[in-house]
Structure formats: structure tokens, C-alpha cells
Amino acid sequence: MNVLYMSAKDLAESKYQRKGKWNTLETKYGTGSTLSFCGKLKSTQETRYGPRFTIEDPDRLTLTVGRFNENVKEDAKEIMNKFKEKKDIHLLLYANPYMKEKRLYMNVNQDNGVIEVSKETYERFHELRETVKEYLLNKKTQAKEKISEDEKTQTKEKISEDEKTQPKEKISDDKIIESIKNRDRGDGVSLKEIPGYLKDPDEMYERIVDIMESGRLYEPKPGLFKVIE
Amino acid sequence: MKLVPGEKISAITRVLEEPEKAEIDDRVLIVAKISNGEKTVNLVAWDTEAAKWNLKKNDIIEIIDGVCPKTHKKTHQPPTIEIIADTTVKKVDMVFPSINECMRKNFLENILDYEYVIAEGFIVQVHSTAAYFCNKCNKFSDRMCECGSFPKPIFKIEGMFSDGTQTLEFTTVSERIAEYLSYHKKTDASNIKPYELMNKAYKIIGYIRNQKLYIEEVLA
């Protein structure tokens, strides 16, 4: 049993689901099999499925009481009789959702599923419902943000992993020599200016040494390299 | 402040209430609720340690090497720190959450096993309002025990409590709490109508053990 505190308005944004043997309602802030409503009784009607109550919280909602439970049907009948005399009745109801031919019904079928409450309880119910709703919505938003943050981190990690595993694109000796030649303003070119240095400084240094040994580069000053023309 | 039955614990806390003294089977017990601003527990001292007790409501205290009773591992006992001979308890002067801040409302779904909660919600089902313990057979029974005797009812309310985030089985921990919760005397225990308990919201202090809420206080 998972009780969700609801208002009639919340139903408009909810989705009915059958989960195993449970009829549940998925709202923006949670899923429940037992839905709790509290409102002022506006009208009653005797139907072949049991008493039908319309409440206002302030939106209107109609519920059928006691289709499969004689105890709660009796309680509902007592309320119906009382309603003939007294119009100021507030009810707390525990209903189960049910969908037939794309129409959502609210059935009250548990013992003590319809209870007369004071106006103060009605007000306190809705204060509590608002607090819980706000908390659950915040929690859901935070969870979503966390998921999206985690996804971002995972994507970043994947990119960096891919970069590590991908074979490095090797710059040819000719390209290195050409870039030194193009960048040289007279004194030579430092290692840092050579493309590929930032990716792997050690490897680039070894490459430069190799090219120098092959006689195509020299080091006129420490750390500066020139092409042998 | 994570309590693990059988393990030592040190914490800085505030005393939330005037300590209560009780005598149980020739032993002296002192207990008071304390909180570190996030978690609330009972601070308990027996006999010699109880005699040394000099704490009062609102004190800020540092507890070093208190013990979470080993016997609480498999019982429904509340979260507890016991002062034993090796425990040091000293008053400290520091900026610390006030009693009101320590006693903030929380949601049931945030509470772990062996933790206290102040929650607000409705009783959504009532299973029973009285329990029967047959002294002859030394076990809980129906209104009439198998042995044919009729044990006196114990005023104990059991059912389901929901705060909108979680719905849990609950029980009242004492007849006094059952009376507070129901506005009925013990003598009415068997005659309370469930709707009388379900027609209002409650703000309660309780703790959770094995997915069950034990209601210890009714605040409003």
C-alpha cells in the first residue's frame, strides 16, 4: 500500500497504470495505488455501483464508494443521509484508480475509506499535501539533474578514454621540418611552438633529436631549433 | 551520528528535554533525548552512571565513547546511546543548533532503520486498538486465549501511517501514547472506532525498526 496525497487537479496530469495486480496512478511527483483526497461534499447520488460522491477541493471530483465493499458502502449511505440535513460536510477518502474505455474512475473500496472530517483537518490535509508535493517534485528535479550531471561526466570520461585508446596521429618528419621553417624568424623555433608538442612533449623532443641526428635540424641556441638548408 | 548496536559512539549533542528518572526492578534509569542537529537519540544511564548524571534540558554535551547497546541488534528498542563507566560526558560551550532546530520535521522516506523522526501525516488504516497478553500462557492471544481465559486488554493502537512520502505499519509504544493519540481512556481500548483515529492529522515522534514505525510521542 502506497498512499499518495492528491487534489482533484493533480488527476489531469496523471497517468493510469496497471502494475502487476495493482491499479496505480503515476503523477508528476510519485506513483500510488491508494489515492487520498479531501474535499467538501457537493452532491451525492445513488447508483447501481454504490453511492457516488462529488467533492470539491476546490476542483471537482466524483468518486464511487463501496462497489466491492459493503462496510464502506454503509458508511457512505450514512453520510448521504446526513448530507440531506447538513450541507457543510468535509470528507477524507481513500480511493483506487481504475480505467475503463479510456475513462479514469476513482473507487473507494477499503474499510473506512470515506471519513467525515472537520474543516481544520481539510485545511491541514491540503497544507500537508502541498508540502509533500513540493518536496517530491524537488527530489525528482534533483534526481534528474544528478542523472544529467552523471551522464555529462560519463560522456567526458568516455571522450578522454577514447582519446587515450585512439592511436596517436603521427606527424611526419617533413611536416615538423616544414613547420619549423615557417615559424622561424631568425633565431630558431622553440619546442613549444612545434605542432604536437603539447600532446606529448617527451615524444616530440625525441623526434627532434632523431631529426637532428639525421642532419636536417640543428640547435643554434639551447631550446631553439633551425632547419639546415 | 550513525548508531550501530554494540559499537561505541562519540558525538556533540544538545539535551532536548528534562531527563526522566525511572526505577525498574530495583535499578535506576535516567533517560533524555539528545540531538546533534540531524539525528535524535536517547541518552541513557543506569545505576552508578545515573547517580552521576548532572545534565539538564538545553545543555550542549560532548559524549566520548558512549555505547549503543548490543542488545538492540534484534529488538524494537529505540535509538540509544548508553553512558557506561568508560564514557566521558562533558558540557561544552559552543554555537550549536537550538532545540527547535534539532526537532525539525522530516519525511519518513528519509529515515533509516534505528532512527528517530518527527513526522506529520494520517493514520490510513487501523488494524487493532487492543492487544491481549495471557499471563497464564505467557504469550499474546486473541480476546479469548486458547486456554479459555480472557486476558485484560492492553491499550495498543496498530495500523498504517502515511506522511505522503511513505506508508508504514505503526504501533504505539505505551498505553499513555495510545491515550494521547486516541483521546480515549484505556478502558475504552476495545471500543474505539477506526474512523475516530483516521479523521485527523498527527505530528508524531517515532522511530523505525524493521520497516515499522514506533510512535513514542504525539506532538499535535
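Residues numbered from 1 in each chain as written. Chains lettered and ligands numbered in written order. Predicted model: local features only at pLDDT ≥ 70, side-chain atom pairs only at ≥ 80, totals over all residues.

The helix and strand inventory of chain B stands at four helices and 13 strands. Compactness check: chain B gives a C-alpha radius of gyration of 19 Å against a globular reference of 17 Å for 220 residues, within 12% of the reference. Each of the three principal axes of chain B carries a C-alpha extent, and together these read 55 × 40 × 25 Å. Residue burial in chain B is summarised as follows: out of 220 residues, 33% are buried. The long-range fraction of contacts in chain B, counting pairs at least 24 apart against all pairs at least 6 apart in sequence, stands at 57%. (Helix = DSSP H or I, 4+ residues; strand = E, 2+ residues; numbered from the N terminus. Rg over C-alpha atoms; globule rule 2.2 N^0.38 Å. Buried ≥ 20, exposed ≤ 12 C-beta atoms within 10 Å, placed from the backbone. Contact = placed C-beta atoms within 7 Å.)

Here we come to the domain arrangement of chain A. For chain A, the domain assignment lists domain 1 (3-139) and domain 2 (173-227). Using C-alpha coordinates to define each centre, domain 1 of chain A is positioned 80 Å away from domain 2 of chain A. (Domains from an automatic or database assignment.)

All names here are of chain A. Pairing is antiparallel in the open sheet, where three strands are placed in the order 2-3-4. Because the sheet does not close on itself, it has two edges, and the strands there are strand 2 (15-19) and strand 4 (31-32). As paired elements, strand 3 (residues 22-26) and strand 4 share two bridges and run antiparallel to each other. If you follow E26 over to strand 4, its bridge partner there is T31. (Pairing = 2+ DSSP bridges.)

We now examine the environment of I118 of chain B. Residues and elements named next belong to chain B. Tracing the backbone through its elements, the reader meets I118 in strand 8 (residues 115-134). Residue classification places I118 among the partly exposed positions, given that 17 C-beta atoms sit within 10 Å. In this structure the C-alpha to C-alpha distance between I118 and T88, which are 30 residues apart in sequence, comes to 29 Å. Excluding anything up to four places from it in sequence, I118 contacts M103, R104, K105, N106, K203 and I205.

Sheet strands associate in pairs through backbone hydrogen bonding, adopting either a parallel or an antiparallel arrangement. All names here are of chain A. Pairing within the open sheet is antiparallel, and its three strands lie in the order 11-13-12. In this open sheet, the two strands that pair with only one neighbour each are strand 11 (189-190) and strand 12 (217-221). Note that strand 12 and strand 13 (residues 224-227) share three bridges and pair antiparallel. Directly across from K221, in strand 13, lies its bridge partner L224. Seen against the sheet, helix 4 (residues 201-213) touches strand 12 and strand 13 and runs at an angle of roughly 105° to strand 12. (Axes fitted to C-alpha atoms, helices over the stretch in contact; angles between N-to-C directions.)

Here we take up the interface of chain A and chain B. Taken together, the 19 residues of chain A in the interface contact 14 residues of chain B. Here the side of chain A that touches chain B is built from residues that sort into 13 nonpolar, three polar and three charged. (Nonpolar A, V, L, I, M, F, W, Y, C, P; charged D, E, K, R; others polar.)

Moving on to the pairing of strand 13 (residues 212-218) of chain B. Residues and elements named next belong to chain B. Here strand 11 (residues 167-172) pairs with strand 13 via four bridges, running parallel. Bridge pairing links T172 to I215 in strand 13. In this sheet, strand 13 lies alongside strand 12 (residues 201-209) in antiparallel orientation, the contact comprising six bridges. Bridged to I208 within strand 13 is L213. In sequence, strand 12 turns back onto strand 13 through a hairpin of two residues, with N210 there showing a positive phi of about 45°.

We now examine the nonpolar core. Looking at soluble globular proteins, one finds that nonpolar side chains tend to be buried together. In terms of nonpolar packing, the biggest core is built from 76 residues, with F37, L63, L91, L93, A95, V108 and V114 of chain A touching the most fellow members. If one sorts the elements of this core by residue count, strand 8 of chain B sits on top with nine residues. In this structure, V114 of chain A is in contact with V65, V72, D75, A76, I79, L91, L93 and V108 of chain A, ignoring residues within four places of it in sequence. One finds I176, I180, I194 and I211 of chain A within the second-largest nonpolar core, a separate group that totals seven residues. (Core = buried A, V, L, I, M, F, W, Y, C linked by C-beta atoms within 7 Å.)

Quick look at the pairing of strand 12 of chain B now. Relative to strand 12 of chain B, strand 8 of chain B runs antiparallel, the two sharing eight bridges. Looking at strand 12 of chain B, one finds that V117 of chain B is bridged to G206 of chain B.

In this section: helix 3 (residues 175-182) of chain B. All names here are of chain B. Restricting attention to buried positions, one finds in helix 3 the residues I177, A178, L181 and S182. Taken end-on, helix 3 shows its buried residues confined to a sector of 120°, consistent with a single buried face. Where helix 3 is buried, its residues contact strand 10 (153-162), strand 11, helix 4 (194-198), strand 12 and strand 13. Phi for Y183, located one or two positions after helix 3, is positive at around 60°. (Arc of directions from axis to C-beta.)

Time to look at the environment of P195 of chain A. Residue and element names in this part refer to chain A. The topology assignment puts P195 in the loop between strand 11 and helix 4. Of the residues examined, P195 has 13 C-beta atoms within 10 Å and is grouped as partly exposed. Beyond its immediate sequence surroundings of up to four residues, P195 is in contact with I171 and S179.

Bringing the domain arrangement of chain B into the picture now. All names here are of chain B. Assigned domains within chain B: domain 1 (8-102) and domain 2 (108-218). Centre-to-centre, using C-alpha coordinates, domain 1 lies 26 Å away from domain 2. Listed as interface residues are six residues of domain 1 and, on the opposing side, seven residues of domain 2.

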